[in-house]
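Residues per chain are reported as follows:
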Amino acid sequence: MAGGSFAPAGVAKERAQQYQGRVTLFVVSACMVAAVGGSIFGYDIGISGGVTSMDPFLEKFFPVVYRKKNYHSKDSNYCKYNNQGLSAFTSSLYLAGLVASLAASPVTRKHGRRASIVCGGISFLCGATLNASAINLGMLLLGWILLGVGIGFGNQAVPLYLSEMAPAHLRGGLNMMFQLATTLGIFTANMVNYGTEKLRPWGWRLSLGLAAVPALLMTIGGLLLPETPNCLIERGHKEEGRRVLERIRGTRNVGAEFEDIVDASELANAIEHPFRNILERRNRPQLVMAVFMPMFQILTGINSILFYAPVLFQSMGFGGHASLYSSVLTGAVLASSTLVSIATVDKWGRRALLIGGGIQMIVCQIVVAVILGLKFGNDRELSKGFSILVVVVICLFVAAFGWSWGPLGWTVPSEIFPLETRSAGQSITVAVNLLFTFAIAQSFLSLLCSFRYGIFLFFAGWITIMTLFVFVFLPETKGVPIEEMILLWRKHWFWKRVMPPVAEQDDDDSSPASKHLQL
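Residue indices begin from 1 for each chain and proceed along its sequence in written order. This being a predicted model, a pLDDT of at least 70 is required before a residue's local features are given, and a value of 80 or more before pairs of side-chain atoms are given or counted; all residues contribute to the totals for chains, interfaces and linings. Where side-chain values are given, they derive from all heavy atoms of the structure, hydrogens and water being excluded.

A. Local environment of the overall build of the chain. Helix numbers and strand numbers start at the N terminus; a helix is a DSSP run of H or I with at least 4 residues, a strand a run of E with at least 2. If you tally the helices and strands in the chain, you get 28 helices and 0 strands. Remark: exposure states derive from per-residue accessible area (1.4 Å probe, protein chains only) relative to the maximum for the residue type, with buried under 20%, exposed over 50%, and partly exposed in between. Expressed as a percentage of the 519 residues in the chain, the buried residues total 62%. Contacts spanning at least 24 positions in sequence make up 82% of the contacts within the chain whose residues lie at least 6 apart. Computed with the Shrake-Rupley method and a 1.4 Å probe, the accessible areas treat only the protein chains shown as cover for residues. For the chain, the exposed surface amounts to about 18,500 Å²; the carbon and sulfur share of it is 65%. Pairs of residues are marked as contacts when any of their non-hydrogen atoms sit within 4.5 Å.

Laid out in structure tokens, this is it:
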């Protein structure tokens, strides 16, 4: 890099006021089909906790846990499921997804968003088939890893697809189709587990095999969906990109938006190494958000509750059926609360939802910790009244997550990157999300055994940090066109000090090719 001289990535001036178009049935349909990719992610999160609490599954693949659960009644209630092998099974899904998300970036950039969606769907299909027919632990793990590969590709491509297809003033709501599909996947998995738990000894096979249904929809959808205009123009298909843009906006007057995309694509095509470019000073704000937003999303503790909900509730003294019923309830709350976010995100903005949801989650985590600390222990189980109260408070926590950090943890990173680093940025977002999901999945049962009720205070502390982070460092992105997002950071009180001065950039040749030569 020479001199640190760069013009604002993508566009040099704001054209947002000139954007025209309306919400068309075509763009809504495309976003709904694409968002099915989120349902598989949610299904896998929801299904793992239910399956790993089923006795036939534990007896076949994790006999040590099965014996500990059913015959070692003197073990601490918090430590019944503490087994690194069981944790490794759950967390291997996310480790595979982490690696796949990095591999998906060049595929998404060079071959299009649809290509990654199709790759993810095929991988899911293969994984679901292996899991449903598994006869040994190796076969089960291979299938689980293939599901993780599907998560890596799907989570990398789908949020990008939604952000690029949606009009600026409704990008938040349409982008949240991904999170809505994720929450519906979790709810569906909980319902499936509730039913298959009674189908002994093969119910777990049905739970794992049904992941093939959304995987098939994702694959077919990926083949039928149009490519985004941003991606088409970036790959040199300007006329086709304009036709798609006119179709999804419902008007031929798309000149301003088209020019923004062309400007962004010219710079994007001059960048050969997006992962290297993303480390440059001018991309520092987006990189920070791509790391911290997904990290904080997981450190809310939500995944621990979602994929260990049956185990968690059984540890608190709920019976097998009661624990699955409680996890069904939390899944329903999560899905319904996401609708609140979809309805309000483009009216109230991202910051208000993130800060408000953070405060509610802090209060809920502290309340649960106090109840468990005072009323629950090695030799005590919760009374019926306090059990109901714990479920209610956990549902309030899940609701707060569902209308704040759940959808916005994906929405914000997917909408802030300039085109030349967008695919790489989304890969970093997915990789960080899955890295911390893996870490929490691998360690949660041990943390629960060691921290006991303090595990909820641990997460409450992190939620306090992330709420302050949003208040101080995240500018409001509501209504800002995706290709003009780069200009937003220069107006923020902190990030304008971090980014290189515009005057510095103007001294150099303004063509994308010359900027590339300076890398």
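Let us keep going from here.
B. Up close: the environment of isoleucine 305. Of note, isoleucine 305 is situated in helix α17 (residues 302-307). With 259 residues separating them in the primary sequence, isoleucine 305 and glycine 46 have C-alpha atoms 9.8 Å apart.

C. Highlighting the packing of aromatic side chains. Between the rings of Phe, Tyr and Trp (Trp by its six-membered ring), a pair exists once the centres lie within 6.5 Å; its type follows the angle of the planes, with under 30 degrees stacked, over 60 edge-to-face, and the other angles tilted. In this structure the tally under the stated criterion is 21 aromatic pairs. Ring geometry for phenylalanine 57 and phenylalanine 62: centres 5.9 Å apart, planes at 45°, overall tilted. Just as phenylalanine 57 is buried, phenylalanine 62 falls in that class too. For the pair phenylalanine 473 and tryptophan 495, a centre-to-centre distance of 6.1 Å together with 50° between the ring planes defines the contact as tilted. Separated by 22 residues along the polypeptide, phenylalanine 473 in helix α24 (residues 454-473) and tryptophan 495 in helix α26 (residues 495-498) bring together distant segments of the chain. The class of tryptophan 495 is buried, set by a relative accessible area of 5%. Through successive ring pairs, a cluster of aromatic residues spans Phe292, Phe296, Trp405, Phe469, Phe473, Trp489, Trp493, Phe494 and Trp495. Working rule: Lys NZ or Arg CZ, within 6 Å of ring centre, within 35 degrees of ring normal, means a charge sits over the ring. Lying over the aromatic face of tyrosine 194, lysine 198 brings its terminal NZ or CZ to 4.7 Å of the ring centre.

D. Quick peek at the packing of helix α13 (residues 238-249) against helix α14 (residues 255-270). Between α13 and α14, whose axes approach to 11 Å, the crossing angle comes to 140°. With respect to their mutual orientation, α13 and α14 come out oblique. The chirality of how α13 crosses α14 is right-handed. Residues Lys238, Arg242, Leu245 and Arg249 of α13 form the contact with α14, whose participating residues are Gly255, Glu257, Phe258, Ile261, Val262 and Glu266. Residues of the contact of α13 with α14, tallied by class, amount to 4 nonpolar, 1 polar and 5 charged. Think of each axis as a best-fit line through the C-alpha atoms, taken over the contacting stretch in the case of a helix, with angles from 0 to 180 degrees between the N-to-C directions. Here is the rule for angles: anything less than 35 degrees is roughly parallel, anything more than 145 is roughly antiparallel, 65 through 115 is roughly perpendicular, and the remaining ranges are oblique. In this scheme, a crossing is called left-handed if the near helix is turned counterclockwise away from the far one by less than a right angle; it is called right-handed if the turn is clockwise. Nonpolar residues are Ala, Val, Leu, Ile, Met, Phe, Trp, Tyr, Cys and Pro. Charged residues are Asp, Glu, Lys and Arg, and all others, Gly as well, are polar.

E. Quick peek at the side chain of asparagine 230. Along the chain, asparagine 230 falls in helix α12 (residues 229-234). What asparagine 230 contacts, discounting residues up to four positions off in sequence, is Glu164, Ile261, Leu419, Arg422, Ile482 and Glu483.

F. Up close: the nonpolar core. Within this scheme, the nonpolar core is defined by two criteria: the residues are buried Ala, Val, Leu, Ile, Met, Phe, Trp, Tyr or Cys, and they are joined through side-chain atoms within 4.5 Å. In this structure, Ile47, Phe57, Phe62, Met289, Phe397, Val398 and Trp405 are the most contacted members of the largest nonpolar core, which totals 132 residues. Counting residues per element, this core draws most heavily on helix α23 (residues 419-451), which supplies 11 residues.

G. Representation of the pattern of salt bridges. For this analysis, a salt bridge means a side-chain nitrogen from Lys or Arg found within 4 Å of a carboxyl oxygen belonging to Asp or Glu. In total, this model carries 12 salt bridges according to the counting rule given. In this structure, the salt-bridge partner of glutamate 197 is arginine 200, at a minimum N-O distance of 2.8 Å. With a closest N to O distance of 3.3 Å, glutamate 420 and arginine 282 form a salt bridge. With glutamate 420 in helix α23 and arginine 282 in the loop between α15 (274-277) and α16 (284-299), this pair connects stretches of sequence that are 138 residues apart. Judged on exposure class, the residue glutamate 420 and its partner arginine 282 are both buried. When salt bridges that share partners are traced, they join Arg171, Asp346, Arg350 and Glu415 into one network.

H. Here's a closer look at the environment of serine 105. Along the chain, serine 105 turns up in helix α5 (residues 84-111). On the basis of relative accessible area, serine 105 is assigned to the buried category, the value being 3%. Sequence spacing of serine 105 and serine 427 is 322 residues, and the spatial spacing of their C-alpha atoms is 5.8 Å.

I. A look at unusual backbone geometry. That bond from arginine 200 to proline 201 is cis: its omega, 5°, falls within 30 degrees of zero. By the secondary structure assignment, proline 201 is in the loop between α9 (177-196) and α10 (203-209).

J. How the structure looks around the confidence of the model for the chain. Per-residue pLDDT for the chain averages 82, and the proportion of residues at 70 or more is 85%. Summary of the metric used: pLDDT quantifies the predictor's per-residue confidence within the range 0 to 100. Note on residues 1-10: pLDDT under 50 across the span, and 33 contacts to partners over four residues away in sequence or across chains. Low pLDDT (under 50) marks residues 504-519, which in the prediction has 31 contacts with non-local residues, meaning those over four places away or in another chain.

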